[in-house]
Amino acid sequence: MRIVFIGPPGSGKGTQAVNIIKKYKPVHLSTGDMLRAARAAKTEIGLQADKYMSSGQLVPDDVIVGIISERLKQEDCQAGYLLDGFPRTIAQAEALDKMLAEKKTPLDAVLELQVPDDELFRRLAERAEKEGRSDDTPEVIKNRLKVYNEQTSPLLAYYGKKNLLKSFNGLGTVEEVFARIETILDSLQK
Ligand code: AMP
């Protein structure tokens, strides 16, 4: 399966991505994880990305598209993958479409985890207190939600038009939310 997984910061996307990987075994392609690894290794891309990440801004499209296009060429991606945190802008979605059209490997679905903004802010503030993540201060949280609403949410209409969008409710327990995902993914496999 080739799936894009979209959800605002604090929606539980990371947790549900792990559940999807465990059960359906696609390769997990998280651009956030790739950037954090690059930053920890102090590569040039990692150091460049850091200033955007720590203020809740998006890393420039050409950097991210370069990372993903290299990654998608690797052998392990040929059997399917879950794109987690990419694309995040229309320009990234168009670049992805172009790559997939060249390879004749279209997406199967785009999953959207829906959680209202006030609940997201509450969850993110709670996480900030517990984990002390540098990108979880109230200012940065506000910025990440704003960036999502302005730059990423237009992807919903973009994929809706292509009949790929499967939106579901992200409220409830982890198990309840995963059951909704299973219903969607099982129906794709039939
Ligand atoms: P995430 O773990 O997916 O929330 O990503 C953490 C941070 O990495 C984001 O706040 C962005 O600064 C950056 N990032 C991750 N994925 C992308 C992307 N597709 N486009 C631009 N920036 C990204």
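Residues numbered from 1 in each chain as written. Predicted model: local features only at pLDDT ≥ 70, side-chain atom pairs only at ≥ 80, totals over all residues. Heavy atoms only, no water.

1. What about the overall build of the protein chain?
Okay, so step 1: A tally of regular secondary structure across the protein chain gives 9 helices and 5 strands.
Okay, so step 2: Along its sequence from the N terminus, the protein chain presents helices and strands in the succession β-α-β-α-α-α-β-α-β-α-α-α-β-α.
Okay, so step 3: Relative to its length of 190 residues, the protein chain is compact, with a C-alpha radius of gyration of 16 Å against a globular reference of 16 Å.
Okay, so step 4: Viewed in the frame of its principal axes, the protein chain has a C-alpha envelope of about 45 × 40 × 30 Å.
Okay, so step 5: Burial statistics for the protein chain: of 190 residues in total, 46% are counted as buried. (Helix = DSSP H or I, 4+ residues; strand = E, 2+ residues; numbered from the N terminus. Rg over C-alpha atoms; globule rule 2.2 N^0.38 Å. Buried < 20%, exposed > 50% of the residue type's maximum accessible area, 1.4 Å probe, protein only.)

2. Some remarks on the sheet that holds strand S3 (residues 81-84)
Okay, so step 1: Reading across from one edge, S2-S3-S1-S4-S5 is the order of the 5 strands in this open sheet, with parallel pairing throughout. At either margin of the open sheet sits one strand with a lone partner, and together these are strand S2 (27-30) and strand S5 (165-169). Across the sheet, the axes of successive neighbouring strands diverge by a mean angle of 20°, strand direction being ignored.
Okay, so step 2: Summarising the sheet, strand S1 (residues 2-6) and strand S4 (residues 109-114) pair through 4 bridges and their orientation is parallel. Each bridged residue has a counterpart across the sheet, and for Phe-5 the counterpart in S4 is Leu-111.
Okay, so step 3: Running over the sheet, helix H2 (residues 31-40) touches S2 and S3 and is turned about 70° from S2. (Pairing = 2+ DSSP bridges. Axes fitted to C-alpha atoms, helices over the stretch in contact; angles between N-to-C directions. Contact = heavy atoms within 4.5 Å.)

3. Looking at the pairing of S4
Okay, so step 1: Summarising burial for S4: 5 of the 6 residues are buried, a large majority.
Okay, so step 2: As defined by bridge partners, S4 adjoins S5 across 5 bridges and the pair is classed as parallel. When the bridges of S5 are listed, Leu-113 appears paired with Phe-168.

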